[in-house]
Amino acid sequence: MRVGVVVRMEADTDIDEKFAEVRAMGMESCQLVCWERKIINDEKAAEAILAAAEKHGITISAFWCGWGGRKVWDFYDGQLTLGLVPADYRAERVRMLLEGSDFAKKLGVTDFVTHVGYMPENPYDTNYQGTLNACKEVAERCKKNGQVFLFETGQETPVTLKRALQDIEKDVGEGCVGVNLDPANLLMYGKANPVDALEVFGEYVRGVHGKDGKYPTDGHLLGEEVPIGQGKVNYPVFVERLKEVGYDGDITIEREISGEEQKKDIKKYNQIKYNDMNSTLISMMKSLDKGNDVFLKICCLLWSKRSFVK
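Each value, and the rule that gives it
Residues numbered from 1 in each chain as written. Predicted model: local features only at pLDDT ≥ 70, side-chain atom pairs only at ≥ 80, totals over all residues. Heavy atoms only, no water. Pairing = 2+ DSSP bridges. Helix = DSSP H or I, 4+ residues; strand = E, 2+ residues; numbered from the N terminus. Axes fitted to C-alpha atoms, helices over the stretch in contact; angles between N-to-C directions. Contact = heavy atoms within 4.5 Å. Salt bridge = Lys/Arg side-chain N within 4 Å of Asp/Glu carboxyl O. Buried < 20%, exposed > 50% of the residue type's maximum accessible area, 1.4 Å probe, protein only. Core = buried A, V, L, I, M, F, W, Y, C linked by side-chain atoms within 4.5 Å. Right-handed = clockwise from strand over helix to strand, strands pointing away.

Re the sheet that holds strand β6 (residues 177-181)
The parallel closed barrel is built from eight strands, whose spatial order is β1-β2-β3-β4-β5-β6-β7-β10. Ignoring which end each strand starts from, the neighbouring axes of this sheet average 30 degrees apart. Where strand β7 (residues 205-210) meets strand β10 (residues 251-253), three bridges bridge the pair, whose relative direction is parallel. Pairing of Gly210 across the sheet is with Ile253, part of β10. Helix-sheet contacts for helix α6 (residues 126-144) involve β4 (111-114), β5 (148-152) and β6, and the interaxial angle to β5 is about 135 degrees. Strand contacts of helix α10 (residues 235-244): β6, β7 and β10, with the helix running at about 165 degrees to β7, the strand carrying the most contacts.

Concerning the pattern of salt bridges
Under the counting rule described, the total for this entry stands at 20 salt bridges. The closest approach of N and O atoms between Glu43 and Lys106, which form a salt bridge, is 3.0 Å. Taken as a pair, Glu43 in helix α3 (residues 43-56) and Lys106 in helix α5 (residues 87-107) lie far apart in primary sequence, 63 residues in all. The class of Glu43 is partly exposed, set by a relative accessible area of 43%. For Lys106, a relative accessible area of 38% gives the class partly exposed. Each of Arg2, Arg23, Glu28 and Asp250 takes part in one network of salt bridges that share partners.

Structural notes on the nonpolar core
Within the largest apolar cluster, 77 residues are counted, with the highest numbers of intra-cluster contacts made by Phe19, Phe63, Phe149, Leu181 and Phe238. Those residues in contact with Leu181 that lie beyond four places of it in its chain are Thr153, Leu186, Leu198, Phe201, Val205, Gly207, Val208, His209, Phe238 and Leu242. Counting seven residues, the second largest nonpolar core, distinct from the first, contains Val6, Val113, Val148 and Leu150.

Re the environment of Glu156
Within the secondary structure layout, Glu156 lies in the loop between β5 and α7 (158-172). When its relative accessible area of 2% is taken as the criterion, Glu156 is described as buried. Here the alpha-carbon distance between Glu156 and Gly190, two residues 34 residues apart in the chain, equals 9.7 Å. Not counting residues up to four positions away in its chain, the partners in contact with Glu156 are Val116, Gly117, Met119, Phe151, Leu161, Leu186 and Lys191.

Points about the pairing of β6
In terms of residue burial, β6 counts as a mostly covered element, since five of its five residues are buried. Relative to β6, β5 is paired through four bridges, and the arrangement is parallel. Counted as the bridge partner of Leu150 is Gly178 from β6. With α7 bridging β5 and its parallel neighbour β6, the resulting β-α-β unit is right-handed. The sheet contact formed by β6 and β7 spans three bridges and is parallel. When the sheet's bridge partners are listed, Val179 is paired in β7 with Val205.

Rendered as structure tokens:
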């Protein structure tokens with residue numbers, strides 16, 4: 001498993017500089033995130049991204065496409081504003097996602113990701129069918145573009161997500177959809193323990209975020225995102241479980257803060273010195289495939305020190 005990082009593309013982003021930073025941190029892959037419609041319809045933006053990726057040797061493992069309109073990341077207004085679930089926003093957001101899929105094709109990216117929203121758990125809810133139809137339209141475009149449409153985890157329970165994937169596949173075809181597994185989101189939305197969630201949809205996982213978080217303690221607000229090792233994701237067990245379900249793709253670090261603190265946290269995950277490990281951790285490392293699973297080594301060390309982190 002390679003360790004990558006999320007790179008956000010905004011109007012003022014110098015993508016050459018961003019990819020240079022990724023390489024300077026010792027990484028060679030990223031998920032590219034964009035919420036700005038103007039960029040995904042800009043031919044020159046695609047050309048600049050491709051040139052910078054080639055120059056710095058960066059693989060774009062997935063394109064994460066946002067959508068326009070009001071968005072509130074909580075348990076109340078989030079139900080009315082997030083993803084493809086709110087009918088008032090749905091049609092325009094589908095159009096943006098279709099444009100995003102075309103943009104991803106220009107980049108040669110085959111995994112296309114977004115948040116679909118609070119998918120109704122009741123399959124007889126009229127909003128479920130409306131959301132499903134919107135997802136099918138996006139999945140059809142992705143299929144045409146040689147891509148897989150990935151749901152980022154968080155707002156749906158694992159079984160609701162799997163049912164939606166299966167329902168889409170009935171009409172669009174097997175292999176047209178998948179999961180971008182953000183383990184912290186599952187916790188922060190109070191939907192599941194990510195290790196257990198793999199029992200439900202493990203075969204659909206095509207991308208994974210390296211992020212940590214805590215369960216919500218307020219009925220209105222999401223749980224807190226924290227640095228890896230300070231939250232409730234049991235990373236040593238989680239990564240081993242990923243391997244058991246056959247996942248061997250990238251772990252893409254996402255730290256949803258900005259500035260120097262963000263860079264500091266990301267560098268910490270990728271530059272831990274293994275000679276600080278205690279004998280228990282060394283024993284764990286010897287059980288890995290030739291000792292080369294870097295991310296799991298990092299997670300074991302962070303997890304072992306989690307009670308000492310302030």
